[in-house]
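Descriptive analysis of the structure
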Amino acid sequence: MDGVLSQEEINALLNSPDDSSEKKSGAVSTGAAVPDEALTDEEKDAIGEVSNISMGTAATTLFSLVNRKVEISTPVVAMARWEDVVQNYERPCVFIRIAYTTGLDGSNILVLKEHDVKVITDLMMGGDGTNTSEELGELHLSAISEAMNQMMGSAATSLSSMLNKTIDISPPVADLIDLQESVDEGSIDEFLEGTFVKISFKMEIGDLVNSEIMQLYPVSFAREMCQAIAKNMEKDAEEAQIGIDHTQPESASAAHQSQPQTNQNQNMAAQPMNPQMMNPQMINPQMMNQQMMMNPQMYQQPVNVQPAQFTPFSGEFAAQFAKENIDLIMDVPLEVTVELGRTSKSISEILDFAPGTIIELNRIAGEAIDELVNGKFVAKGEVVVIEESFGVRITEIVK
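Notes on the structure follow. (Residues numbered from 1 in each chain as written. Predicted model: local features only at pLDDT ≥ 70, side-chain atom pairs only at ≥ 80, totals over all residues. Heavy atoms only, no water.)

With respect to a nonpolar patch on the surface
Rules: Residues qualify for a patch when their relative accessible area is over 30% and they have no salt bridge, like charges being joined within 9 Å and the nonpolar side chains of Val, Leu, Ile, Met, Phe, Trp and Tyr within 5 Å. To measure how exposed things are, a 1.4 Å probe is used in the Shrake-Rupley method; for residues, cover is taken only from the protein chains shown. For this analysis, a salt bridge means a side-chain nitrogen from Lys or Arg found within 4 Å of a carboxyl oxygen belonging to Asp or Glu. Strands here are runs of E lasting at least two residues and helices are runs of H or I lasting at least four, both read from the DSSP assignment and numbered beginning at the N terminus. For the exposure calls, accessible area comes from a 1.4 Å probe over protein chains only, and a residue counts as buried if that area is under 20% of its type's maximum, exposed if over 50%, partly exposed in between.
Taken together, the side chains of Leu340, Ile350, Phe353, Ile359, Leu361, Val383, Val385 and Phe390 define a hydrophobic patch exposed on the protein surface, amounting to about 770 Å² of accessible area. Turning to its location among the elements, leucine 361 is positioned in the loop between helix H10 (347-351) and strand S10 (369-373). Residue classification places leucine 361 among the partly exposed residues on the basis of a relative accessible area of 33%.

So this is what it looks like as structure tokens:
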């Protein structure tokens, strides 16, 4: 208050770390120095949970692409620098950059081993995952970019439900990078020049792939994600609290009304009841059961039971309906065909047909001819001549 420093403040100033000592020791090689405590344990747990859910969804999508069982272990979240990635990961490897265009402002990098990319792309192209001898080219990078586009798209959908807002990504870009001890300016993303968030997990694809995959986040992007999750959780808690507050008055009112109703039921149970004087809207089922157990004869009423009677079927009844039904189809046209006879011939004999050729039928002269209605044989008859046209006189109806 009086402008004089306290002893604790003086000690803090005297014991503050010297940045020059860190520069001399070479602890900071590139970028601004960010302490390992950039993310708290709670923030690391939140990032790990988000990655676990989103990558689980991505694994399901990858299964549909490669038609192999895909398993992903629980992610491990840690702070890292570029030197850690260089020392602990194979080289060369494939960097897949995914930028968020809606909902979140930032990007992340997915790091895959070269062998794993070859296996995944071979499975996507219909192979068995063993064709990994050829050199990694543009075809492999395009295929893995499409796979990551679908995988991270499904992961963004899961992230949208967790953050309760729309999350969208840009098409991923895959590059083959040879990890080096020294950082060349412009060869890697800017956030990789300092301390960043590394999420590592094991991925297994059948018996073909069993390796570690990394996701790299900028610290600012990870914090933004944690803040969005915390804000969404607070909103859900407030909505739940509002719901509880709304239900409390109703519960209190119900509890207040239950006591007089209980006393009323007890008073009514002590007196015999007349069923004819009861109001159906005021009947309490529990009270009704108690009264029936106390005096069952009061609720027993005579029931008139009679055998069931059915209308007998008669021929006149059926004929009446049959006549009405047949009237409905009386105007339906049918095709009537008169068949004089039939025979069978080979293809060579049919090709020899010419004007004047006589074809012998399988019917004797003077024998009755057949009459067909819609192709069904119904009658027999004989041929007659009516003025200048042929006709048929029906001689027999086929039953």
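Text resumes after the structure shown.
Details of empty space enclosed by the protein
Worth spelling out the cut-off: Points on a 1 Å grid, built from protein atoms alone, make a cavity when a 1.4 Å probe fits but cannot get out and make a pocket when they are open with protein on both sides within 12 Å along at least 5 of 7 lines; residues with an atom within 4 Å of a point are the lining residues. Grid points are joined across faces, edges and corners, and a volume is the space filled by probe spheres set on the points. Under the scheme applied here, ten amino acids are nonpolar (Ala, Val, Leu, Ile, Met, Phe, Trp, Tyr, Cys and Pro), four are charged (Asp, Glu, Lys and Arg), and all others, including Gly, are polar.
Going through the model one piece at a time under the given rule, you end up with two cavities of 30 Å³ or more. By volume, the largest cavity amounts to about 60 Å³. Residues belonging to the lining of the largest cavity are distributed by class as follows: eight nonpolar, three polar and no charged. Put simply, the second largest cavity is a space of about 40 Å³. Met55, Leu110, Leu112, Met148, Met151, Phe201, Met203 and Ile213 together form the lining of the second largest cavity.

Some remarks on the packing of helix H3 (residues 41-66) against helix H5 (residues 114-124)
The criterion, for reference: Between the N-to-C directions of two axes lies an angle of 0 to 180 degrees, each axis being a line fitted to C-alpha atoms and, for a helix, fitted only over the stretch in contact. We call two directions roughly parallel when the angle between them is under 35 degrees, roughly antiparallel when it is over 145, roughly perpendicular when it lies between 65 and 115, and oblique otherwise. In this analysis, two residues are considered to be in contact whenever any of their non-hydrogen atoms come within 4.5 Å of each other.
Running from N to C, H3 and H5 cross one another at 55 degrees; their axes reach a closest spacing of 8 Å. Classified by the angle between their axes, H3 and H5 sit oblique to one another. Of H5, the residues touching H3 (which contributes Leu62, Leu65 and Val66) are Ile120, Leu123 and Met124. Classifying every residue of the contact of H3 with H5 by side-chain character gives six nonpolar, no polar and no charged.

Some remarks on the packing of aromatic side chains
The condition that has to hold: Between the rings of Phe, Tyr and Trp (Trp by its six-membered ring), a pair exists once the centres lie within 6.5 Å; its type follows the angle of the planes, with under 30 degrees stacked, over 60 edge-to-face, and the other angles tilted.
Applying the stated rule across the entire model yields four aromatic pairs. Aromatic pair tyrosine 100 and phenylalanine 221: ring centres 5.1 Å apart, planes at 25 degrees, arrangement stacked. Taken together, the residues tyrosine 100 in strand S3 (residues 93-102) and phenylalanine 221 in helix H7 (residues 219-269) connect sequence positions 121 residues apart. Note on accessibility: tyrosine 100 and phenylalanine 221 belong to one class, buried. An aromatic cluster is built from Tyr100, Tyr217 and Phe221, whose rings are joined through pairwise contacts.

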